[in-house]
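What follows is each chain in one-letter form.
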Amino acid sequence: WEFNGSFYQPSAFLMMGIPGLEALHHWISIPFCALYLIALSGNCMILFIIKKTQSLHEPMYYFLSMLAVTDLGLVLCTLPTTLGIFWFNMRRIGFDACLTQMYFIHILSFIESSVLLAMAFDRFIAISHPLRHPSILTKTTVMKIGLVIILRGMVSLLPIPFLLKRLTYCGKTELSHSFCFHPDIMNLACADIKVNVFYGMIILLSTVGMDFIFIVLSYILIIKTVIGLATKEECLKALNTCVSHICAVLVFFIPMIGLSMIHRFGKNVPPLVNTLVAYTYLIIPPALNPIIYSIKSSHIREALLRALRRKSE
């Protein structure tokens, strides 16, 4: 502990694996390793295929590349501490290292939410204004959107580590997860955390909350457009281009909303449920997104098959 008058700040926090199953951590690490391996290889494969396939150099796949990079970032943020606990019981993480990990986890989560919104906008333009789609979403425009997404995440979350560093901590230093979350760290403080709670809620609602609302509105407009199409075949073809994106949205937002509710209102929720929802939120989407897009996107699938044939020759 660092002492300065009445101000206390822990030198480190203790992270938690899966409560009640500590004796099985080595066995539990096997499915986690599989998920991390799928996430790393799958997202790298998506990036490689999009880069090497000229026909995939269009807005939909540029946004998919952003999603893959974001998922890789989330995996690399949580993998060292999660497997460190499961394999070596390395629970200790320095105070500043914890704040750094927390900052990047939240930034990448916000970026993923914004990329999913950009992908919904792309699908809306492609279905509602197909002839104007190439002129509206040019390569330059997509790059600008990507830059705005990154800056929004970085700037909006920049005060969070400083708001946590100003707090006085005492008593417990044990976190609820094998990685650092803002609400989790904040709840260990024995000072007034109203500013942290208020700022965290405002940022969450104004970024991820607004993204989700605009995604829903985009799909309402898409459905309205699709209903006006002439034939049933055209309707199904238009909606089929959105299936993979809808799956990615559900896989990301459902666990995220659940975890936010648990941290803020679920005081009596069992620790095991809290832990499993957190792992679902941060590990499952990066592992599932490449599978979803590989299965549902015929262009990705065909490019993958061509790449495999070239390797086998």
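Please refer to the structure higher up on the page.
In this convention, every chain numbers its residues from 1, walking through the sequence in written order. Given that the model is predicted, a residue must reach a pLDDT of at least 70 before its local features are reported, and side-chain atom pairs must reach 80 or more before they are shown or counted; all residues, however, enter totals for whole chains, interfaces and linings. Excluded from the side-chain calculations are hydrogens and water; all other atoms, namely the structure's heavy atoms, are used.

Considering the overall build of the protein
The condition that has to hold: Runs of E in the DSSP output that reach at least two residues are strands. Runs of H or I that reach at least four are helices, and both are numbered from the N terminus. Note on classification: 1.4 Å probe, protein chains only; a residue is buried when its accessible area is under 20% of the maximum for its type, exposed when over 50%, partly exposed between these limits. Should any heavy atoms of two residues lie within 4.5 Å, those residues are considered in contact. Charged residues are defined here as Lys and Arg on the positive side and Asp and Glu on the negative side; His and the ends of the chain fall outside this count. Here the site of a charge means NZ on Lys, CZ on Arg, CG on Asp, or CD on Glu.
For the protein, the helix and strand inventory stands at 12 helices and 4 strands. The principal-axis extents of the C-alpha atoms in the protein amount to approximately 70 × 45 × 35 Å. In the protein, which comprises 313 residues, the proportion classed as buried is 49%. Considering only intrachain contacts with a sequence separation of at least 6, the fraction spanning at least 24 residues in the protein is 80%. Distance between charge centroids for the protein: 4 Å, based on 24 positive and 15 negative side chains.

What to know about unusual backbone geometry
A positive phi angle, near 55 degrees, is found at Asn89, a position not held by glycine. With respect to the helices, strands and loops of the structure, Asn89 is situated in the loop between helix 2 (59–88) and strand 4 (92–94).

Here we look at empty space enclosed by the protein
For clarity, the threshold we go by: Definitions used for this entry: grid spacing 1 Å over protein atoms alone; cavity, a set of points where a 1.4 Å probe fits but cannot get out; pocket, an open set with protein on both sides within 12 Å along at least 5 of 7 lines; lining residue, one with an atom within 4 Å of a point. Grid points are joined across faces, edges and corners, and a volume is the space filled by probe spheres set on the points. Side-chain classes follow a simple rule in which Ala, Val, Leu, Ile, Met, Phe, Trp, Tyr, Cys and Pro form the nonpolar group, Asp, Glu, Lys and Arg form the charged group, and the remainder, Gly included, forms the polar group.
Tallied over the full model, the rule gives 3 cavities of 30 Å³ or more. Within this model, the largest cavity holds a volume of roughly 230 Å³. Taken together, 16 residues make up the lining of the largest cavity; nearest its centre are His106, Pro183, Leu204, Ser260 and Arg264. The element contributing the most residues to the lining of the largest cavity is helix 10 (residues 243–265), with 5 residues. In the lining of the largest cavity, the residues fall into 10 nonpolar, 5 polar and 1 charged. Taken as a whole, the second largest cavity spans an internal volume of roughly 50 Å³. Around the second largest cavity, the lining residues are Met60, Phe63, Met119, Asp122, Arg123, Thr241, Ser244, His245 and Tyr293.

Side note on the nonpolar core
Definition in use: As used in this record, nonpolar core signifies buried Ala, Val, Leu, Ile, Met, Phe, Trp, Tyr and Cys residues forming a set joined through side-chain atoms within 4.5 Å.
Residues Phe13, Leu64, Leu116, Leu164, Tyr169 and Ile185 are the most contacted members of the largest nonpolar core, which totals 87 residues. Those residues in contact with Leu64 that sit more than four places away from it in its chain are Ile46, Ile50, Met119, Tyr293 and Ile300.

Some words on the state of the cysteines
Threshold: Any two cysteine sulfur atoms within 2.5 Å of one another count as a disulfide.
Enumeration over the complete set of coordinates arrives at 2 disulfides. Between Cys98 and Cys180 runs a disulfide, and the two sulfur atoms are separated by 2.0 Å. Taking the sign of the S-S torsion, -120 degrees for the link of Cys98 and Cys180, the bridge is left-handed. With a gap of 82 residues between them, Cys98 in helix 3 (residues 95–128) and Cys180 in the loop between helix 6 (159–165) and helix 7 (182–186) connect regions that are remote in the sequence. The class of Cys98 is buried, set by a relative accessible area of 0%. The buried category is assigned to Cys180, whose relative accessible area is 0%. Here Cys170 is linked by a disulfide to Cys190, with a sulfur-sulfur distance of 2.2 Å. One end of the pair, Cys170, is in the loop between helix 6 and helix 7; the other, Cys190, is in the loop between helix 7 and helix 8 (194–227), and 20 residues separate them in sequence. On the basis of relative accessibility, which here comes to 44%, the residue Cys190 falls in the partly exposed class.

Here's the deal with helix 2
Defined as follows: To estimate how far a helix should reach, multiply one less than its number of residues by 1.5 Å. For a residue, the bend is simply the angle between two axes, fitted respectively to the seven-residue segment ending there and the seven-residue segment starting there.
Its 30 residues place the ends of helix 2 43 Å apart at the C-alpha level, agreeing with the 44 Å of an ideal helix rising 1.5 Å per residue. Of all the bends found along helix 2, the most pronounced is centred on Leu79 and spans about 40 degrees, while Pro80, a proline, follows it within four residues. Taken across its 30 residues, helix 2 has 23 buried, putting it largely inside the fold. Asn89 sits one or two residues past helix 2 and shows a positive phi near 55 degrees.

Topic: the side chain of Asp122
Mapped onto the elements, Asp122 comes out in helix 3. Ignoring anything within four residues of it in the chain, the contact list for Asp122 reads Pro59, Met60, Phe63, His133 and Leu137.

A short note on the packing of aromatic side chains
Test applied: Each pair of aromatic rings taken from Phe, Tyr and Trp, with Trp reduced to its six-membered ring, is defined by centres within 6.5 Å and is described as stacked if the planes are under 30 degrees apart, edge-to-face if over 60, and tilted in the remaining cases.
Inspection of every chain in the model, using the stated rule, returns 14 aromatic pairs. Note on Phe13 and Tyr169: the rings are 6.0 Å apart at their centroids and 75 degrees apart in plane angle, and the pair reads as edge-to-face. Remark: Tyr169 occurs in the loop between helix 6 and helix 7 and Phe13 occurs in strand 3 (residues 12–14); sequence separation between them is 156 residues. In this pair, the class of Phe13 matches that of Tyr169, namely buried.

Re the packing of helix 10 against helix 11 (residues 271–296)
Rules: Angles shown run from 0 to 180 degrees and are taken between the N-to-C directions of axes, each axis being a line fitted to C-alpha atoms and, for helices, limited to the stretch in contact. Here the angle decides the label: under 35 degrees means roughly parallel, over 145 means roughly antiparallel, 65 to 115 means roughly perpendicular, and every other value means oblique.
The N-to-C vectors of helix 10 and helix 11 enclose an angle of 175 degrees; their axes lie 9 Å apart at closest approach. Classified by the angle their axes make, helix 10 and helix 11 are roughly antiparallel. Among the residues forming the contact of helix 10 with helix 11, the class breakdown is 18 nonpolar, 7 polar and 1 charged.

Digging into a nonpolar patch on the surface
The following threshold applies: Nonpolar side chains (Val, Leu, Ile, Met, Phe, Trp, Tyr) within 5 Å and like charges within 9 Å form the patches, drawn only from residues with over 30% relative accessible area and no salt bridge. All accessible-area figures derive from a Shrake-Rupley calculation using a 1.4 Å probe, and residue coverage is judged against the displayed protein chains alone. Here, a salt bridge means any side-chain nitrogen of Lys or Arg that lies within 4 Å of a carboxyl oxygen of Asp or Glu.
A grouping of Met210, Phe212, Ile213, Phe214, Val216, Leu217, Ile220, Ile257, Met261 and Phe265 is seen on the molecular surface, where their side chains present a nonpolar patch of about 880 Å² in accessible area. Breaking the nonpolar patch down by element, the ones donating at least two residues are helix 8 and helix 10. For the nonpolar patch, the element with the highest residue contribution is helix 8, accounting for 7 residues. Overall, the relative accessible area of 33% leaves Met210 in the partly exposed class.

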